[in-house]
Amino acid sequence: GGSVPAEHHPGKIIWADLVTPDLAAAERFYAELFGWTYQTIHAGNTDYAVALPDGRPIAGLLQKPLPSGERRQPAWLTFIAVRDVDAARRIALGHGAKSVSEPKTYTGRGRQAVLADPEGAVIAMLASASGDPPDFLAIPGEWIWSSLLVRDPAQEATFAKAVFGYDVFDLPSDDGAVHVILSSDDYARASVNSLPPSGHRRAHWLNFIRVMNAAESSAKAVSLGGRVLVEPHVDRHGGNIAVIADPAGAPIGLMEWSDTDTKVEPK
């Protein structure tokens with residue numbers, strides 16, 4: 001039979017990795033909260049747990065002790081699809097990004113590199129060996145949206161357009177904050193939003209998991225040892241969202257979805 005050519009969706013957010021000091025605790029938390037099951041891959045002397053919400057791999061969790069003396073908290077690392085890692089990385093470095101880890105090819109996964117963008121938000125780029133998953137609406141327990149929180153959204157949107165080839169749309173705003181949508185293949189991928197002016201938070205990516213009820217999931221996260229960073233509220237698109245931290249402190253977004261909501265596919 002003929003082989004199906006691999007689909008590529010440059011600009012699509014296709015994966016996320018969590019580096020956590022306690023893998024077993026993280027697996028328990030996300031399994032209880034989102035119904036994730038795992039497939040564990042033993043690589044050298046580390047275990048890498050692949051999260052499978054519905055038999056579809058979407059994320060990886062791996063254990064690493066946090067460097068002592070650093071005030072870094074665990075965080076999810078967002079992977080954006082590119083066709084050519086080395087070319088995209090060259091463009092990024094030319095636009096003010098810094099290298100975090102050099103390009104490296106992993107068997108079965110593809111070639112990836114990790115960068116810090118001009119404001120210091122860490123991002124990974126991946127040219128997937130097997131192609132990118134097709135576009136479809138996330139089911140509960142899967143990634144549904146990503147947001148980049150920065151001081152200068154316009155500058156970041158220009159950077160993202162240059163590196164990942166996004167189409168950039170400004171959203172009207174009544175709160176004075178800047179909201180920009182990044183889209184590719186006529187499919188909205190992520191938003192760039194202003195960091196609250198008061199906070200001392202660094203620029204960062206925040207990925208959202210689809211949930212049935214943001215308030216219930218937030219309460220459940222707390223009962224499992226997490227905490228609520230942003231209380232459930234109706235976002236500017238009319239759906240409920242919240243932001244929680246897992247027991248080790250890694251932030252993750254929760255987003256409800258109704259069928260009348262169309263922000264992921266502005267076709």
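Basis of the calculations
Residues numbered from 1 in each chain as written. Predicted model: local features only at pLDDT ≥ 70, side-chain atom pairs only at ≥ 80, totals over all residues. Heavy atoms only, no water. Phe/Tyr/Trp six-rings, centres within 6.5 Å; stacked < 30°, edge-to-face > 60°. Buried < 20%, exposed > 50% of the residue type's maximum accessible area, 1.4 Å probe, protein only. Helix = DSSP H or I, 4+ residues; strand = E, 2+ residues; numbered from the N terminus. Core = buried A, V, L, I, M, F, W, Y, C linked by side-chain atoms within 4.5 Å. Contact = heavy atoms within 4.5 Å. Pairing = 2+ DSSP bridges. Axes fitted to C-alpha atoms, helices over the stretch in contact; angles between N-to-C directions. Parallel < 35°, antiparallel > 145°, perpendicular 65-115°, else oblique. Left-handed = near helix turned anticlockwise from the far one by under 90°. Nonpolar A, V, L, I, M, F, W, Y, C, P; charged D, E, K, R; others polar. 1 Å grid on protein atoms, 1.4 Å probe; cavity = no way out; pocket = protein on both sides within 12 Å on 5 of 7 lines; lining within 4 Å. Points joined across faces, edges and corners; volume = space filled by probe spheres on them. pLDDT = per-residue confidence, 0-100.

*Asks:* Requested: an account of the packing of aromatic side chains, with residues and values cited.
*Replies:* Across all of its chains, the model carries nine aromatic pairs by this definition. Their ring planes at 20° and their centres at 5.3 Å tell us that Y30 and W36 sit as a pair that is stacked. The same class applies to Y30 as to W36, namely buried. Residues W76 and W143 carry aromatic rings whose centres are separated by 5.2 Å and whose planes lie at 80° to one another, so their mutual orientation is edge-to-face. Of this pair, W76 sits in strand β5 (residues 75–81) while W143 sits in strand β9 (residues 143–150), and the two are 67 residues apart along the sequence. A relative accessible area of 8% places W76 in the buried class. Among the aromatic residues, those joined into a ring-pair cluster are F29, Y30, F34, W36, W76 and W143.

*Asks:* Explain the environment of A87 residue by residue, including any values.
*Replies:* Tracing the backbone shows A87 in helix α2 (residues 85–94). Since its relative accessible area comes to 23%, A87 is described here as partly exposed. In this structure the C-alpha to C-alpha distance between A87 and V163, which are 76 residues apart in sequence, comes to 8.9 Å.

*Asks:* Outline the nonpolar core, listing residues and values.
*Replies:* Counting residues in each nonpolar core, the largest one holds 27 residues, and the members touching the most others are I80, V82, M125, V163, F164, L182 and W205. Elements represented by at least two residues in this core include exactly α2, β7 (110–116), β8 (122–128), β9, α3 (153–164), β11 (179–184) and β12 (187–194). Considering every element that reaches this core, the biggest residue donor is α3, with five residues. Once you skip the residues sitting within four places of it in the chain, V82 turns out to touch A88, M125, L126, A127 and F164.

*Asks:* Would you mind going over the sheet that holds β7 in detail, with residue names and values included?
*Replies:* Here we have eight strands laid out as an open sheet, ordered β2-β3-β4-β1-β5-β8-β7-β6, and mixed in their pairing. The open sheet is flanked by β2 (37–43) and β6 (98–106), the only strands paired with a single partner. Direction aside, neighbouring strands of the sheet carry axes that sit 25° apart on average. Of the pairings in the sheet, the one linking strand β3 (residues 46–52) to strand β4 (residues 59–63) comprises four bridges and is antiparallel in character. Looking at the pairing, Y48 lines up with L62 of β4. Strands in contact with α2 are β6, β7 and β8; relative to β7, the strand with the most contacts, it is inclined by about 10°.

*Asks:* Quick one: what's the story with the packing of α2 against α3, residue by residue and with numbers?
*Replies:* Contact pair α2 / α3: the axes reach a minimum separation of 8 Å and the direction vectors enclose 150°. The angle between α2 and α3 places the two elements in the roughly antiparallel class. As α2 runs across α3, the sense of the crossing is right-handed. The residues of α3 that touch α2, namely those facing A88, I91 and A92, are F159, A162 and V163. Among the residues forming the contact of α2 with α3, the class breakdown is six nonpolar, no polar and no charged.

*Asks:* Got a sec to walk through empty space enclosed by the protein? Specific residues and values, please.
*Replies:* Within the structure shown, the criterion is met by one cavity of 30 Å³ or more. Of the pockets and cavities examined, the largest cavity occupies roughly 60 Å³. At four residues, α3 tops the list of elements feeding residues into the lining of the largest cavity. For the lining of the largest cavity, the per-class residue count stands at eight nonpolar, no polar and two charged.

*Asks:* Which residues make up the layout of surface pockets, and what values go with them?
*Replies:* Counted as a void, the second largest pocket has a volume near 730 Å³. Looking at the second largest pocket, it is lined by 31 residues, and the ones nearest its centre are S147, L149, N193, H233 and I241. For the lining of the second largest pocket, the secondary-structure elements that each account for two or more residues are β9, β11, β12, β13 (204–210), β14 (227–234), β15 (240–245) and β16 (251–255). Counting residues per element, the lining of the second largest pocket draws most heavily on β14, which supplies four residues. Here the residues of the lining of the second largest pocket sort into 17 nonpolar, nine polar and five charged.

*Asks:* Outline the side chain of E27, supporting the account with residue identities and numerical values.
*Replies:* Summarising the element assignment, E27 is placed in helix α1 (residues 23–34). If we skip the residues at most four places from it in the chain, E27 touches Y38, A49 and L61.

*Asks:* Tell me about the confidence of the model for the protein, residues and numbers included.
*Replies:* Across the protein, the average pLDDT comes to 89, with 93% of residues at or above 70. Note that pLDDT drops below 50 for residues 263–267; the model gives that stretch 18 contacts with residues more than four away or on any other chain.

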